[in-house]
Amino acid sequence: MPTTYTSSQVSSGTVPINERGASFFVYGSLSLTTALVANDIVQLINVPNGYKVLNLTLDSDDLDSGASPTLKVSVGDSGAAGRYLSQSTVCQTGGVASQAVAGSTGYVYPPASSGGNAGSSTIQLTCDTAALTWVNGTVRCAAELQIDHASFA
């Protein structure tokens, strides 16, 4: 049975917004002290509905110390596990993986059908393949967001 781990940004329920149209960043991180297994989820960032994700960066410590590391992760949401990064090896030796999202247009989390900013969606890391030799460490995620004015029209 997969386990879900939650960052303090997500568990706080905080949904940051910027109604001025400028882009802004949202951060989430989690120190992992239990080895991830296939299909485990790490919830990292709440994104307000009606906003678009322009860029996403995943920064990870070295979580797999095996001679031939096997740890692979995807970053997305409940609708598409690999929406932003798919089968990434960044957690194998530590480092940074960045992704410009859908060119310059970004991916929009639509608002409620009644319009407006009703709730949020969660960007999450999913373990695709477990580590050969797990090492405790931290995963950090930053997403550049911008309000999608068309969604509020």
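Everything numeric in this text was worked out from a predicted model, so none of it was measured. Here the residue numbering is sequential within each chain, running from 1 through the sequence in written order. Predicted model: local features are reported for residues with pLDDT of at least 70 only, side-chain atom pairs are reported and counted for 80 or more only, and whole-chain, interface and lining totals are derived from all residues. As a convention, hydrogens and water are excluded, and side-chain values are obtained from all of the structure's heavy atoms.

### Focus: the overall build of the protein
Secondary structure elements are taken from DSSP: a helix is a run of H or I of four residues or more, a strand is a run of E of two residues or more, and numbering for both begins at the N terminus. When helices and strands are tallied, the protein shows 2 helices and 10 strands. In sequence order, the protein lays out its α and β elements as β-α-β-β-β-β-β-α-β-β-β-β. Relative to its full complement of 153 residues, the protein shows a buried share of 44%. Contacts: residue pairs with any heavy atoms within 4.5 Å of one another. Of the contacts made within the protein by residues no fewer than 6 positions apart, 81% connect residues no fewer than 24 positions apart. Exposure was quantified through the Shrake-Rupley algorithm and a 1.4 Å probe, taking into account, for residues, occlusion by the shown protein chains and nothing else. When the accessible surface of the protein is split by element, carbon and sulfur atoms take 50% of a total near 7000 Å². The rule is simple: take the accessible area with a 1.4 Å probe, protein chains only, and divide by the maximum for that residue type; under 20% is buried, over 50% is exposed, in between is partly exposed.

### What to know about the environment of glycine 106
Here glycine 106 lies in the loop between strand 7 (95-100) and strand 8 (107-108). Between the alpha carbons of glycine 106 and lysine 52 there is a distance of 5.6 Å; along the sequence they are 54 residues apart.

### Observations concerning the side chain of aspartate 64
Inspection of the secondary structure puts aspartate 64 in the loop between strand 4 (51-60) and strand 5 (72-76). Within the buried core, aspartate 64 has no salt-bridge partner, and the shortest N-O distance to an opposite charge, that of lysine 72, equals 10 Å. Looking at aspartate 64, its side chain comes within polar contact range of the main-chain nitrogen of threonine 133, at 3.1 Å. Those residues within four positions of aspartate 64 in sequence are excluded, and the remaining contacts are Pro69, Thr70, Leu71, Cys91, Gln92, Ala131, Leu132 and Thr133. Charge counting follows a simple rule: Lys and Arg are positive, Asp and Glu are negative, and His as well as the terminal groups are ignored. We count a salt bridge whenever a side-chain nitrogen from Lys or Arg sits within 4 Å of a carboxyl oxygen from Asp or Glu. For the purposes of these results, a polar contact is taken to be a pair of N or O atoms within 3.5 Å, where, inside protein, one atom must be able to donate a hydrogen and its partner to accept one; residues adjacent in sequence count only when each atom of the pair is a side-chain atom.

### Structural notes on the nonpolar core
Residues belong to a common nonpolar core when they are buried Ala, Val, Leu, Ile, Met, Phe, Trp, Tyr or Cys residues joined through side-chain atoms within 4.5 Å. Ranked by internal contacts, the top residues of the largest apolar core, which has 35 residues, are Leu32, Val42, Val53, Leu58, Ile123 and Leu125. Within the residue set of this core, elements represented by two or more residues are strand 2 (24-32), strand 3 (41-48), strand 4, strand 5, helix 2 (90-93), strand 9 (120-129) and strand 10 (137-147). Per-element tally for this core: the top contributor is strand 10, with 5 residues. Not counting the four nearest positions on each side in its chain, valine 53 is found in contact with Val47, Tyr84, Val101, Gly106, Tyr107, Tyr109, Ile123, Ala143, Glu144 and Leu145.

### As for the pattern of salt bridges
Within this structure, the stated rule accounts for 3 salt bridges. Arginine 140 serves as the salt-bridge partner of aspartate 59, at 3.0 Å between the closest nitrogen and oxygen. Residue aspartate 59 is found in strand 4, and its partner arginine 140 is found in strand 10; the two are separated by 81 residues along the sequence. Given the relative accessible area of 26%, aspartate 59 is considered partly exposed.

### Re unusual backbone geometry
The phi torsion at asparagine 39 lies on the positive side, around 80°, for a residue other than glycine. Within the secondary structure layout, asparagine 39 lies in the loop between strand 2 and strand 3. By relative accessible area, which is 48% here, asparagine 39 ends up partly exposed.

### Some points on the environment of serine 11
If you trace the backbone, serine 11 turns up in helix 1 (residues 8-11). Of the polar contacts made by the side chain of serine 11, one reaches the backbone oxygen of serine 8; its length is 3.4 Å.

### A closer look at the packing of aromatic side chains
When two rings of Phe, Tyr or Trp (its six-membered ring) have centres within 6.5 Å they constitute a pair, described as stacked for plane angles under 30 degrees, edge-to-face for angles over 60, and tilted for the intermediate range. One pass over the structure, following the stated rule, counts 2 aromatic pairs. Summarising the aromatic geometry, the rings of phenylalanine 24 and tyrosine 51 are spaced 5.9 Å apart at their centres and angled 85° between planes, so their arrangement reads as edge-to-face. Residue phenylalanine 24 is located in strand 2, and its partner tyrosine 51 is located in strand 4; the two are separated by 27 residues in the primary sequence. Classification of phenylalanine 24 as buried rests on a relative accessible area of 13%.

Just geometry here; none of it tells us what the structure is for.
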